[in-house]
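Residues per chain are reported as follows:
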Amino acid sequence: MVYQYVLGGVLVSLLGSVFFMIINSTLSGKNKAEDVSEDVNGNGFVRTQPANGGCLPEIEKSTDVVIVGAGVAGAALAYTLGKEGRRVHVIERDLSEPDRIVGELLQPGGYLKLIELGLEDCANESIDAQKVFGYALYKNGNDTKLSYPLENYSSDIAGRSFHNGRFIQRMRERVATLPNVTLEQGTVTTLLEEKGIIKGVMYKNKAGEEMRSYAPLTIVCDGCFSNLRRNLCTPKVDSPSCFVGLILENCDLPHANHGHVILGDPSPILFYPISSTEIRCLVDVPGTKVPSVANGDMAKYLKTVVAPQVPPQLLKAFLAAVEKGNIRTMQNKSMPATPLPTPGALLLGDSFNMRHPLTGGGMTVALSDIVLLRDLLRPLTDLTDAPALCEYLESFYTLRKPVSSTINTLAGALYKVFCASPDPARQEMRDACFDYLSLGGICSYGPVSLLSGLNPRPMHLFLHFFAVAVYGVGRLMIPFPTPQRMWLGTRLILGASGIIFPIIKGEGVRQMFFPATIPAYYRAPPPLENKLKAF
């Protein structure tokens, strides 16, 4: 009996020892894992532990700013901050030349910003860029020419049109000449966050290795298809239409060095030069679906619906381009800027704010934002006090409003006015807009100065928009008002209000018209004491 107790005691001791070793091994492994672990929080950030044990290769302590994306916004920003003496690490998914059908027209206001950034030689004859002096507007066989108000500028100031990829590659070449800027091909997967502050990014380099890059400020410029914006804003993306792109070769525009806008049915058709021998055609197709290119439905649509509306001088080249078959499509997107101020990070470019590309204002907004951000960062010698920097940069969102809200609102409003509609009131508004712009003087000078980015004043836009509506109502009252005409005029005003007020609401009424009433408007750079505490 005694032997049974002794044997039982020995077995219990052995089992207890084994159990203790298993528990100890599990807890030890868990603690080690916690030392190097990272977990994704509810916002999609990767939360890093202070002591990460160097589990991934890092680029740290030698970078002031990490920029995600090297498109128009990212490349221009990298060059600008690099010229300011910042140490910049740019990570771009694909460094080969982009091939896009938008981002090919830079308004004069945007070209002025390009000069401020020292990048004007990226949009000159070296990429066969073409000067643009205004627009020609077509409706039902009639046309009117609208010239940019450039009388007070030097002869070099005008719009520029070009191949988007050539423009971007030239800027990337300029970025690569700066010794304090690293331009790397890689795919950023996540933002690194610690205690509510963005510390950098995790990315896969060209070889497929997972890397980290740390900096006190991360600026996300990864374009309209951004996979990082959801962490830094509340995106409300609208997809009003698609662009169908063609290139017309060896033909001349009816009005040289002008963009051409045909108020077609169901929506606008654009033509503008992108080189000395090529003209870009963009056909707007409302909605999110377009006829299939693969089965020939798109070619049929272009020949039967679009071709009859093309100016005679361009028709032969248009049909030849359709027959050639190099037809491209792209979804148009618009998204108001709705930032979530986050210490250590900032959004810029199409990842932050989009508008319908009808007016070609996207690059002007991006370059204007970059000039503003450069000037805001200029007095800061140190960026490591993330909360103070975040509070200071809230002023960026207010200070950018005159330019961005003017161009955004104009793009959204013009697209809706220029589209054909079975509603007689909307059709009257469309006709009134064409005739108003054809009047000349302030009636064409004012709207075109807004479109060009040379007059970023939201109130002027608001007044001209309703001047068109009032002009349309006035025409209905001639030779004498009737109840039917008065009712149509009332619907015209209501329709105009229904177009512009939702856009203004999305931009922010106070920020758009009364920015000086917002406290951030007066926010000063973080004081020196805050900078010293960061060390």
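Residues numbered from 1 in each chain as written. Predicted model: local features only at pLDDT ≥ 70, side-chain atom pairs only at ≥ 80, totals over all residues. Heavy atoms only, no water.

1. Some points on the UniProt feature "domain: FAD dependent oxidoreductase" (unreviewed entry) in the protein
Mapped onto this numbering, the UniProt entry gives "domain: FAD dependent oxidoreductase" (unreviewed entry) at residues 64–94. With 39% helix and 29% strand, the stretch residues 64–94 has end C-alpha atoms that lie 23 Å from each other. (UniProt positions renumbered as here; feature names shortened; annotations may be inferred. Helix = DSSP H or I, 4+ residues; strand = E, 2+ residues; numbered from the N terminus.)

2. Describing the environment of Ile 500
In this structure, Ile 500 sits in helix α13 (residues 483–507). Between the C-alpha atoms of Ile 500 and Gly 412, which are 88 residues apart in sequence, the distance is 8.1 Å. The contacts of Ile 500, once residues within four sequence positions are left out, are Thr 409, Phe 462, Phe 465 and Phe 466. (Contact = heavy atoms within 4.5 Å.)

3. Section: the packing of aromatic side chains
Within the structure shown, the criterion is met by 12 aromatic pairs. With a centroid separation of 5.7 Å and 55 degrees between ring planes, the pair formed by Phe 352 and Tyr 397 is classed as tilted. Taken together, the positions of Phe 352 in the loop between β20 (345–347) and α7 (362–377) and Tyr 397 in helix α8 (residues 386–399) put the pair 45 residues apart, joining distant regions of the chain. Their ring planes at 55 degrees and their centres at 5.0 Å tell us that Phe 462 and Phe 466 sit as a pair that is tilted. With Phe 462 and Phe 466 both in helix α12 (residues 458–476), this residue pair falls four residues apart, about one helical turn. (Phe/Tyr/Trp six-rings, centres within 6.5 Å; stacked < 30°, edge-to-face > 60°.)

4. Structural notes on the pairing of strand β5 (residues 88–92)
The buried fraction of β5 is high, at five of five residues. The alternating pattern of β5 places Val 88, Val 90 and Glu 92 and His 89 and Ile 91 on opposite faces, both of which are buried. Sheet topology note: the β5/strand β11 (residues 181–194) ladder contains five bridges and is parallel. Directly across from Glu 92, in β11, lies its bridge partner Gln 185. (Buried < 20%, exposed > 50% of the residue type's maximum accessible area, 1.4 Å probe, protein only. Pairing = 2+ DSSP bridges.)

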